[in-house]
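Spelled out from the first residue to the last, the chains are:
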Amino acid sequence: KVLNDKSRLVAVVKARQIGLTELASVMAIMIALGSNKSDVWILGTNHEGAKELVWRAKAWYDAINLTTEGIPQIVKSSTEEIVFSNNSRIKALPNTAASIRGKTGTVIMDEAAHFANDEEIWTAFAPVISSSNDLRLFMFSTPFGQRGVFYRACHGLLDGENLKWSVHKIDVHQAIKDGHSPDVLDLRSSFSEEGWAQEFLCSFLSQQGKYLSASLIQKCYEVKIPKDEMRYVEKKVLGIDLASKKDMSITVECDWNGEQGFRIYNPKIL
């Protein structure tokens, strides 16, 4: 369904471990081979992640080339770029707004919800999307809270009068129904209820209303801060769950929220 979707703006909410990153690589190849002078720009949460998708795309091309005659041939290949004889190319870009600004073609963002600078990147190429019919944007990601460009795209909050997002949702149960191995369900015991819902059931969990008690955070302080001064202090907190079977250490930013505790936001998985 995703491969056949001809919409210019496509968001794919996905479970982990069901092959959707491979799909992004296949899509890059199909677009590059499908027409002449087609540029496909790949962004990951970092440059190395984007280059990993280019490497996978190269592997898929090699497999397709063995069984398909007459397709464009590779004339240049590196760890971050593939150039074809039809003048199409696939290239991994650094995860910066400057790298994408002014580009035309197709943009594939892998794990878009986890981009630290997604707002800057969106601001950089949103004007290009609205003005150029040649540009398509695909965002693949597991959810990461009710925030950011990916969340807004999936909930119609970025739709315009003439451009609307086409949204696909593929959780672990849908993947198994479509033929994926049920062995992935063996991972359930390694995740908390919320972790499983986010990583495998495509749930956008709310970050609002999640509080850590003041007394709990105070135990993390090396220096005691008088209570009447806490409201003026911004903190970053490192959280480590020693009982977890899976390392999900995070940092969060927090601020004082009256006498109820600290409001936390901007979680970053280490």
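Residues numbered from 1 in each chain as written. Predicted model: local features only at pLDDT ≥ 70, side-chain atom pairs only at ≥ 80, totals over all residues. Heavy atoms only, no water.

Trainee: Which residues make up the nonpolar core, and what values go with them?
Mentor: Core analysis: the biggest nonpolar cluster contains 36 residues, and Val40, Ile42, Phe84, Ile90, Ile108 and Phe140 have the highest contact counts within it. Here this core takes nine residues from helix H1 (residues 20-34), the largest share from any one element. If you look at the next biggest cluster of nonpolar residues, it comprises 33 residues, including Val107, Ala113, Phe115 and Tyr151. (Core = buried A, V, L, I, M, F, W, Y, C linked by side-chain atoms within 4.5 Å. Buried < 20%, exposed > 50% of the residue type's maximum accessible area, 1.4 Å probe, protein only. Helix = DSSP H or I, 4+ residues; strand = E, 2+ residues; numbered from the N terminus.)

Trainee: Explain the sheet that holds strand E2 (residues 39-43) residue by residue, including any values.
Mentor: For sheets, the rule is that strands pair by backbone hydrogen bonds, running either parallel or antiparallel. Strand order across the open sheet formed by eight strands is E3-E4-E5-E2-E6-E7-E1-E8, with mixed pairing between neighbours. Single-partner strands in this sheet number two, and they are strand E3 (74-77) and strand E8 (166-170). Pairs of neighbouring strands in the sheet enclose a mean axial angle of 15°, with direction left out of account. As judged from the three bridges shared by strand E4 (residues 81-84) and strand E5 (residues 89-92), these two strands associate in the antiparallel manner. If you follow Glu81 over to E5, its bridge partner there is Lys91. Against the sheet, H1 contacts strand E1 (9-14), E2, E4, E5, strand E6 (106-110), strand E7 (136-141) and E8, and its axis sits at roughly 165° relative to E7. (Pairing = 2+ DSSP bridges. Axes fitted to C-alpha atoms, helices over the stretch in contact; angles between N-to-C directions. Contact = heavy atoms within 4.5 Å.)

Trainee: Go over the side chain of Asn117 with me, naming the residues and quoting the values.
Mentor: Considering the arrangement of structural elements, one finds Asn117 in the loop between E6 and helix H4 (118-131). If sequence neighbours within four positions are ignored, Asn117 has contacts with Asn95, Thr96 and Ala97.

Trainee: So what's going on with helix H7 (residues 193-200)? Which residues, and what values?
Mentor: Counting buried positions along H7 yields six of eight residues, so the element is predominantly enclosed. Considered for burial, the residues of H7 that qualify are Gly195, Trp196, Ala197, Gln198, Glu199 and Phe200. In the core, the buried residues of H7 are packed alongside E1 and helix H6 (172-177). Among the residues trailing H7, Cys202 stands out with phi positive, at a value near 60°.

Trainee: Outline the packing of aromatic side chains, supporting the account with residue identities and numerical values.
Mentor: Under the criterion given, the structure shown has eight aromatic pairs. Both rings, one in Phe191 and one in Phe200, keep their centres 5.2 Å apart while their planes meet at 75°; by these two values the pair is edge-to-face. We classify Phe200 as buried; its relative accessible area is 1%. By the ring-pair criterion, three or more aromatic residues cluster together here, those being Trp122, Phe125 and Trp165. Above the face of the Trp41 ring, Lys103 is positioned so that its terminal group lies 5.3 Å from the ring centre. (Phe/Tyr/Trp six-rings, centres within 6.5 Å; stacked < 30°, edge-to-face > 60°. Lys NZ or Arg CZ within 6 Å of the ring centre and 35° of its normal.)

Trainee: Run through the environment of Arg8, naming residues and quoting values.
Mentor: Counting through the fold element by element, Arg8 comes out in the segment before E1. Ignoring any residue separated from it by four or fewer positions in sequence, one finds Arg8 in contact with Ile129, Ser130, Ser132, Asn133, Leu135, Arg136, Leu137 and Leu163.

Trainee: Run through the pattern of salt bridges, naming residues and quoting values.
Mentor: Under the defined criterion, the tally for this structure stands at eleven salt bridges. Between Arg16 and Glu199 there is a salt bridge; the shortest N-O distance is 3.5 Å. Residue Arg16 is found in the loop between E1 and H1, and its partner Glu199 is found in helix H7; the two are separated by 183 residues along the sequence. With relative accessibility at 25%, the residue Arg16 sits in the partly exposed group. (Salt bridge = Lys/Arg side-chain N within 4 Å of Asp/Glu carboxyl O.)

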